[in-house]
Amino acid sequence: MKRLVTAFLLMGSYAGYSQLTQYWADITVQKKVSARVSWAIQGGPRFQTSYGLYSEFITSNVNYKLSKVFTAVGGFSYFHSNPPKKDHQNEIRPWQGLRADFKLHQRILFLNTVRIEERWLIYPTRKDLIYRFRYQTGFDFTFLQSPEKATKTYVPVSLEIFE
């Protein structure tokens, strides 16, 4: 298990280094409504070292537990971008997918999510509709857990492939 985690972290570090250096400061609020239903809202800015603030977003999702392993997921996102030397852009992004969670240990969860996004890109002079496929895999490592309060604090580590 230790070798798998080390390899995963090395691959993630290499992938991040090969792209532009960016900083994300996301805030997430999650709520479990029932044994089957939960929701989350996330938002934050995106910074690029060579440019500064270039994007901000807010996204929401709803999860519906289909079985012990599978969860139907869906949501809606809004992005505003102002990249260097390009027109500013607004993006509306509804999405839906399926997640499979496998408990490897009491404090380690292995996750796989497949989703389809409908991306409406709105520029000052045109509008584009793009469909995108995404696959995300990774682990949640729980380090604080309170069964009495039904809360936990965890660190997610993931890798995402998208077209």
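We now turn to the structure provided with this report.

Moving on, we get to the overall build of the protein chain. Along the protein chain, the regular secondary structure elements total one helix and nine strands. Among the 163 residues that make up the protein chain, the fraction classed as buried is 28%. Surface summary for the protein chain: the accessible area is close to 11,400 Å², and the carbon and sulfur share equals 62%.

Position of Phe110 relative to the elements: it lies in strand β7 (residues 108–122). A relative accessible area of 24% places Phe110 in the partly exposed class. Residues contacting Phe110, with those up to four places away along its chain left out, are Ala100, Asp101, Phe102, Leu104, Thr137, Gly138 and Phe139.

Okay, the environment of Glu56 next. For Glu56, the location among the structural elements is in strand β4 (residues 52–65). The class of Glu56 is partly exposed, set by a relative accessible area of 32%. Through-space distance from the C-alpha of Glu56 to that of Tyr78 is 8.6 Å; in sequence the pair is 22 residues apart. Here His80 takes part through its side chain, which lies 2.9 Å from a polar atom of the side chain of Glu56.

Take the pattern of salt bridges next. For the structure on display, the rule yields 10 salt bridges. Note that Arg93 and Glu117 form a salt bridge whose closest N and O atoms lie 3.6 Å from each other. Taken together, the residues Arg93 in strand β6 (residues 89–105) and Glu117 in strand β7 connect sequence positions 24 residues apart. The two residues Arg93 and Glu117 agree in class, both being buried. Across the pair Arg134 and Glu160 runs a salt bridge, and its minimum N-O distance is 2.5 Å. Here Glu160 lies in strand β9 (residues 151–162) and Arg134 lies in strand β8 (residues 127–146), a separation of 26 residues in the sequence. Residue Glu160 is classed as partly exposed on the basis of its relative accessible area, which comes to 28%. In this structure, a network of salt bridges that share partners links the residues Glu91, Arg93, Arg115, Glu117, Arg119, Arg132, Arg134 and Glu160.

Residue placement: Arg36 occurs in the loop between β2 (27–32) and β3 (37–48). With relative accessibility at 43%, the residue Arg36 sits in the partly exposed group. Separated by 30 residues in the primary sequence, Arg36 and Leu66 place their C-alpha atoms 7.5 Å from one another. Residues within four places of Arg36 in sequence aside, it is in contact with Asn63, Tyr64, Lys65 and Leu66.

Reading the values: the criteria
- Residue numbers here run from 1 along each chain, matching the order of that chain's written sequence.
- Per-residue local features of the predicted model are confined to residues with pLDDT of at least 70, and side-chain atom pairs are confined, for both listing and counting, to 80 or more; whole-chain, interface and lining totals are unaffected and use all residues.
- With hydrogens and water stripped out, all remaining heavy atoms of the structure feed into the side-chain values.
- Put simply, DSSP marks the helices as runs of H or I at least four residues long and the strands as runs of E at least two long, and each gets a number from the N terminus on.
- Exposure classes here rest on a 1.4 Å probe applied to the protein chains alone. A residue is buried below 20% of its type maximum, exposed above 50%, and partly exposed in between.
- For the area figures, the Shrake-Rupley method with a 1.4 Å probe applies, and any residue is considered shielded solely by the protein chains shown.
- Note on definitions: a residue-residue contact is assigned when non-hydrogen atoms from the two residues lie within 4.5 Å.
- Under this definition, polar contacts are N or O atom pairs within 3.5 Å; protein pairs additionally need one hydrogen-donor-capable and one acceptor-capable atom, and for neighbouring residues in sequence, both atoms have to be side-chain atoms.
- For salt bridges, the criterion is a side-chain nitrogen of Lys or Arg within 4 Å of an Asp or Glu carboxyl oxygen.

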